[in-house]
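Residue strings, one per chain:
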Amino acid sequence: HVQLVESGGGSVQAGGSLRLSCAVSGNTGSTYFLGWFRQAPGKEREGVAAIAAGGRGTTHYADPVKGRFTISHDKGVNTMYVQMDSLRPEDTAMYYCAAHGLGTFYGWRDIRSYEYWGQGTQVTVS
């Protein structure tokens, strides 16, 4: 029902910036929750940030990215963004956007909370 299309990944040097976009389309409800996750080789997929796009716009951030990443959602074009500043090599990962859908919500960091996933976009920081 929901389609997520990501863009904006690339390679940057440490200290640089990237802005990732996630275009959301399909049968989303009037209230929904969106998140960004990342996965490095050999590691579990981890929550990066999330936003209550269908609610008050409350945001959540994982400790390693607090103060450096900013999540937002533009209702007009139904697109979620994450502005990533002061990038570090440890930020290198595949980044995925995800949508909660209508199922059980286990918390924003839990991958089980998200029914829909984008294809992923690679971020490499050297």
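Look above for the structure.
Just so you know, these numbers come straight off a predicted model, no measurement behind them.

Let us look at the state of the cysteines. Enumeration according to the criterion identifies one disulfide in this entry. One disulfide in the model links Cys 22 with Cys 97; its S-S distance is 2.1 Å. In this structure, the disulfide formed by Cys 22 and Cys 97 twists by about 65° around the S-S bond and is classed as right-handed. One end of the pair, Cys 22, is in strand S3 (residues 18–26); the other, Cys 97, is in strand S9 (residues 93–99), with 75 residues separating them in the sequence. The burial state of Cys 22 is the same as that of Cys 97; both residues are buried.

When we look at a pair of aromatic rings, we describe it by the centre distance and by the angle of the planes. Scanning all chains against the criterion turns up four aromatic pairs. With a centroid separation of 5.1 Å and 65° between ring planes, the pair formed by Phe 37 and Trp 117 is classed as edge-to-face. Placement of Phe 37 in strand S4 (residues 34–39) and of Trp 117 in strand S10 (residues 116–117) is noted, with a sequence separation of 80 residues between them. Residue Trp 117 is classed as partly exposed on the basis of its relative accessible area of 27%. The interplanar angle of 65° and the centroid separation of 6.0 Å between the aromatic rings of Tyr 114 and Trp 117 together place this pair among those described as edge-to-face. Accessibility expressed as a relative area gives 5% for Tyr 114, which makes it buried.

Rules and cut-offs
- Residues numbered from 1 in each chain as written.
- Predicted model: local features only at pLDDT ≥ 70, side-chain atom pairs only at ≥ 80, totals over all residues.
- Heavy atoms only, no water.
- Disulfide = S-S within 2.5 Å.
- Helix = DSSP H or I, 4+ residues; strand = E, 2+ residues; numbered from the N terminus.
- Buried < 20%, exposed > 50% of the residue type's maximum accessible area, 1.4 Å probe, protein only.
- Phe/Tyr/Trp six-rings, centres within 6.5 Å; stacked < 30°, edge-to-face > 60°.

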